Amino acid sequence: MSRAPVEMRLLPDTATVEADGHLSIGGCRIDDLASRFGTPLFVYDEAHLRNRCREAVSSFGTGNVIYATKAFLCKAMARLAHEESLMLDVATGGELYVARAAGVPADRCVMHGNNKSEEELRYAIIERVRHIVIDNFDEIDRVERIVTGGSRVRVQVRVTPGIHADTHEYISTGQDDSKFGFNLANGDASRAIERCRAAKSIDLVGVHFHIGSNVLDADLLGRAAGVMVDFSSSLGLPELTVGGGLGVAHTAGEHAPTMGQWAAVVRTATAGLPPGVEVMVEPGRSIVASAAVTVYRVGSMKNIPNVRDYVAVDGGMSDNLRPMLYDAQYEAFMPARPTAVRDRPVRLVGKHCESGDILIDDAHVPVDLAVGDLLAVPVTGAYGYSMASNYNMVTRPAVIFVADGSVRVVRRRESFADLTLLD
Ligand SMILES: *Cc1c(COP(=O)(O)O)cnc(C)c1O
């Protein structure tokens, strides 16, 4: 981890340092936001979200970008993506419900999932989503049972191209040994295509793949696209979806391809497709991850001589599971002094009753960090709030969007009363 000040490139687009040295995002000072809305707090830069949506649309074309909502979803986010002319990838009935509740038309939603229930499929079909990505043979049976009376549902077939994404095993999805999709190598993919073609209720429009998440090597995304182009060229289908997976830098020294570089490798790989084939993408993380920082308050600190320093903040694994789930690396900095050198190595931990509740194992903070100070962790906009829990009956943080000096609360902080609502 870096001892240098936090790199500004890890912060949201509108992050600036005020005259007194304090950090602002979207024209709002972080200390003001923390006193108004409490901590932990997810602060999203609305301009950053829109910039990434526009970059995706200009790189891949209008009508070809589908935002993977599992990275971060609430009504405001669904609406923002829709306003920026992205479609929405939903993987459960619940995600479809939130998209619809936000006013996103069903024909701008794409239904995913490796185990869609009959109920979820029925919901997607009755609402008339743009297409359903078929994941397994049981699902083909289910669609055939549900759709009767001569109507047809548009589907793509998800294929695992046998490419291992160079990312954590839990978020690599394109290898042969995967719970997702139809295996290309063993012929399942071809059998699925035949079955869909033979089914009266299915209108097969394309193939789909997604090799995994947080991929930092654009060539790998290009290689997977190449494998799929070879497969899909012969099928004469009008659509090919190349998934999401573009990674982002979470820490100093880490670098990710840009949306434009991703588009370039995809364009090269798909150049051989028959003319007119629509190439679609499903970015999640790359749209939202670096749009947000999580703001915490330091509650206790201790030194264990000859062992280490501990710094505990008022959140933890309940608002960011990724360090525990797949060893994800982050940095922390003081919003009061983002340009300060961080010479003090500490282990940054949360407030949960687990020794593994570690946000940053090897964090560096300014030497004079004290109890009561704010600490911020950047690049928490993807798979943070969406994986948040009430573990230890903590109330989930508020989520705010900041832009041009104004704030909107898009998800209020939970109250104690919320904790007993379901009892
Ligand atoms: C998760 C997922 C995505 C988005 O992945 P990111 O790494 O967040 O871009 C896209 N498509 C499918 C099918 C997914 O499951």
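Reading the values: rules and limits
Residues numbered from 1 in each chain as written. Predicted model: local features only at pLDDT ≥ 70, side-chain atom pairs only at ≥ 80, totals over all residues. Heavy atoms only, no water. Near = heavy atom within 4 Å. Polar contact = N/O pair within 3.5 Å; in protein donor to acceptor, adjacent residues only side chain to side chain. Nonpolar A, V, L, I, M, F, W, Y, C, P; charged D, E, K, R; others polar. Helix = DSSP H or I, 4+ residues; strand = E, 2+ residues; numbered from the N terminus. Buried < 20%, exposed > 50% of the residue type's maximum accessible area, 1.4 Å probe, protein only. Contact = heavy atoms within 4.5 Å. Salt bridge = Lys/Arg side-chain N within 4 Å of Asp/Glu carboxyl O. Pairing = 2+ DSSP bridges. Axes fitted to C-alpha atoms, helices over the stretch in contact; angles between N-to-C directions. Parallel < 35°, antiparallel > 145°, perpendicular 65-115°, else oblique. Left-handed = near helix turned anticlockwise from the far one by under 90°. Domains from an automatic or database assignment. Buried area = accessible area lost by both parts, 1.4 Å probe. Core = buried A, V, L, I, M, F, W, Y, C linked by side-chain atoms within 4.5 Å.

Draft legend 1. Just the site of the ligand, in detail. The local shell around the ligand holds 16 residues, among which Lys 70, Ser 213, Glu 282, Arg 285 and Tyr 383 are the closest. In this structure, a nitrogen atom belonging to the ligand sits 2.7 Å away from a side-chain N or O atom of Glu 282. Here Arg 285 contributes a backbone N or O atom positioned 2.7 Å from an oxygen atom of the ligand. Taken together, the residues of the shell around the ligand sort by class into three nonpolar, eight polar and five charged.

Draft legend 2. Representation of the side chain of His 250 within the structure. By the secondary structure assignment, His 250 is in the loop between strand 12 (239-241) and helix 9 (259-269). For His 250, a relative accessible area of 4% gives the class buried. Here Val 248 takes part through its backbone oxygen, which lies 3.2 Å from a polar atom of the side chain of His 250. Aside from chain neighbours lying at most four places away, what touches His 250 is Leu 10, Asn 214, Arg 285, Arg 322, Gln 329, Tyr 330, Glu 331 and Val 379.

Draft legend 3. Examining the pattern of salt bridges more closely. Under the counting rule described, the total for this entry stands at 24 salt bridges. The partner of Glu 83 in a salt bridge is Arg 50, and the shortest N-O contact between them spans 2.9 Å. Remark: Arg 50 occurs in helix 2 (residues 46-60) and Glu 83 occurs in helix 3 (residues 75-83); sequence separation between them is 33 residues. Here Arg 344 ties to Asp 309 by a salt bridge, and the two come within 3.0 Å at their closest N and O atoms. Taken as a pair, Arg 344 in strand 16 (residues 344-349) and Asp 309 in strand 15 (residues 308-313) lie far apart in primary sequence, 35 residues in all. Accessibility classification places Arg 344 together with Asp 309 in one group, the buried group. Via salt bridges that share partners, Glu 46, Arg 50, Arg 54, Glu 83, Glu 84 and Arg 408 belong to a single interconnected network.

Draft legend 4. Just the sheet that holds strand 1 (residues 16-17), in detail. One open sheet holds the three strands; their spatial order is 1-2-3, and the pairing between them is antiparallel. The open sheet has two edge strands with one neighbour each: strand 1 and strand 3 (28-29). In this sheet, strand 3 lies alongside strand 2 (residues 23-25) in antiparallel orientation, the contact comprising two bridges. Counted as the bridge partner of Ser 24 is Arg 29 from strand 3.

Draft legend 5. Fine view of unusual backbone geometry. Between Thr 39 and Pro 40 the backbone carries a cis peptide bond, its omega angle lying at -10°. Looking at the element boundaries, Pro 40 is found in the loop between helix 1 (30-37) and strand 4 (41-45). Unlike most non-glycine residues, Asp 327 shows phi in positive territory, near 55°. Inspection of the secondary structure assignment puts Asp 327 in the loop between helix 11 (322-326) and strand 16. Of the residues examined, Asp 327 reaches a relative accessible area of 59% and is grouped as exposed.

Draft legend 6. Representation of the side chain of Glu 331 in the model. Within the secondary structure, Glu 331 is located in the loop between helix 11 and strand 16. At 2.9 Å, the side chain of Glu 331 and the side chain of Arg 342 are in polar contact.

Draft legend 7. Fine view of the packing of helix 2 against helix 3. At their nearest, the axes of helix 2 and helix 3 sit 10 Å apart, and the two run at 45° to each other. Considering their axes alone, helix 2 and helix 3 lie oblique with respect to each other. For the pair helix 2 and helix 3, the crossing hand works out as right-handed. Residue-level contacts link Glu 46, Leu 49, Arg 50 and Cys 53 of helix 2 to Met 77, Leu 80 and Glu 83 of helix 3.

Draft legend 8. Expanded view of the domain arrangement of the protein chain. With domains assigned, the protein chain is organised as domain 1 (8-45 + 289-420) and domain 2 (46-285). With 29 residues of domain 1 at the interface, the matching set in domain 2 holds 27 residues. Buried surface at the junction of domain 1 and domain 2, both sides included, amounts to about 2400 Å², of which 59% is carbon and sulfur. Summed over the three residues of domain 1 that lose the most area to domain 2, namely Arg 9, Tyr 326 and Tyr 383, the buried surface amounts to 24% of that side. Put simply, Arg 52 and Asp 13 hold a salt bridge, and the shortest N to O gap is 3.3 Å. Viewed at the interface, domain 2 and domain 1 are joined by 15 residue pairs in polar contact (both at pLDDT 80 or more). Here the element with the most residues in the side of domain 1 that touches domain 2 is strand 19 (residues 398-403); it accounts for four residues. Here the side of domain 1 that touches domain 2 is composed, by residue class, of 17 nonpolar, five polar and seven charged.

Draft legend 9. Focus on the nonpolar core. One finds Tyr 67, Phe 72 and Met 77 to be the most contacted residues of the largest nonpolar core, which totals 113 residues. The dominant element in this core, judged by the number of residues it contributes, is helix 8 (residues 218-233), at eight residues. Excluding its chain neighbours within four sequence positions, the residues that come into contact with Tyr 67 are Phe 72, Met 77, Ala 81, Leu 86, Met 87, Leu 88, Asp 89, Pro 283, Gly 284, Ile 287 and Val 288. Counting residues in each nonpolar core, the second largest holds 17 residues, with Val 311, Leu 348, Val 365 and Leu 369 among its members.

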